[in-house]
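Spelled out, the chains give:
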Amino acid sequence: MNILVNAIGISDSGGVVVLEKFIKELLTQEPRQQYIFIVSKSAKIENFINRHNYNFISFKLVSFNNYFSRIFYENYNFRKFIKEENIGLVYNFSGSKQFFNKSPQIINLHNLLF
């Protein structure tokens, strides 16, 4: 079973630090699942991806023109992607939810305050 991590809303240093912590937690778990992170394209995220090259994690970079294109992507394109990649769980890292997605979802709000 693959796990989709929706980290589209992460773009700044605080969010990258929380992503970093999340990946460190994944490294301690056995057995390891295949995690597919969908992230917004930015210089900080691309630098983050270059630092994390693990065989059980892959990244998909996306970019949006506006908030509505993101909503469309999360509610339409995710359904297709979930089917193609045999996703068994969607972990919504930034607190969003896909209302039309029938896959099990975890919605998590991370505390980005330091």
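Data block above holds the structure.
Residues numbered from 1 in each chain as written. Predicted model: local features only at pLDDT ≥ 70, side-chain atom pairs only at ≥ 80, totals over all residues. Heavy atoms only, no water.

### Focus: the side chain of Glu74
- Along the chain, Glu74 falls in helix α3 (residues 67-84).
- Judged by its relative accessible area of 5%, Glu74 is buried.
- Here Asn6 takes part through its side chain, which lies 2.8 Å from a polar atom of the side chain of Glu74. (Helix = DSSP H or I, 4+ residues; strand = E, 2+ residues; numbered from the N terminus. Buried < 20%, exposed > 50% of the residue type's maximum accessible area, 1.4 Å probe, protein only. Polar contact = N/O pair within 3.5 Å; in protein donor to acceptor, adjacent residues only side chain to side chain.)

### A few points about the packing of aromatic side chains
- The final tally for this structure, using the stated rule, is nine aromatic pairs.
- Ring geometry for Phe22 against Phe37: centres 6.0 Å apart, planes inclined by 65°, an arrangement best described as edge-to-face. With Phe22 in helix α1 (residues 13-27) and Phe37 in strand β2 (residues 34-40), the pair connects residues that are 15 residues apart, well separated along the chain. Exposure class is identical for Phe22 and Phe37. Each is buried.
- Seen in terms of ring centroids, Phe22 and Tyr91 are 5.0 Å apart; in terms of plane orientation they differ by 20°. Their pairing is stacked. Pair noted here: Phe22 is in helix α1 and Tyr91 is in strand β4 (residues 87-92), with a separation of 69 residues, a long-range link.
- With relative accessibility at 10%, the residue Phe22 sits in the buried group. (Phe/Tyr/Trp six-rings, centres within 6.5 Å; stacked < 30°, edge-to-face > 60°.)

### A few points about the side chain of Asn2
- The residue Asn2 is located in strand β1 (residues 2-7) in this model.
- For Asn2, a relative accessible area of 17% translates into the label buried.
- At 2.5 Å, the side chain of Asn2 forms a polar contact with the backbone oxygen of Glu85.
- In contact with Asn2, not counting residues within four places along its chain, are Gln34, Ile36, Glu85, Asn86, Ile87, Gly88 and Leu89. (Contact = heavy atoms within 4.5 Å.)

### Observations regarding a nonpolar patch on the surface
- On the surface, Tyr67, Phe68 and Ile71 cluster together to form a nonpolar patch covering roughly 360 Å² of accessible area.
- With respect to the helices and strands, Phe68 occurs in helix α3.
- Classification of Phe68 by relative accessible area gives exposed; the value is 64%. (Patch = residues over 30% accessible without salt bridge, like charges linked within 9 Å, V, L, I, M, F, W, Y side chains within 5 Å. Areas by Shrake-Rupley, 256 points an atom, 1.4 Å probe, with all protein chains shown as cover. Salt bridge = Lys/Arg side-chain N within 4 Å of Asp/Glu carboxyl O.)

### Looking at the pattern of salt bridges
- Applying the stated criterion across every chain yields a total of two salt bridges.
- The salt bridge partner of Arg51 is Glu20, with a shortest N-O separation of 2.7 Å. Of the two residues, Arg51 is situated in helix α2 (residues 43-51) and Glu20 in helix α1; the sequence distance between them amounts to 31 residues.
- Given the relative accessible area of 42%, Arg51 is considered partly exposed.
- Among the ionic pairs, Arg70 bridges to Glu74, the shortest N-O distance being 3.4 Å. Taken together, the residues span about one helical turn, with Arg70 and Glu74 both in helix α3 at a distance of four residues. Take Arg70 and Glu74: they sit in the same class, and that class is buried.

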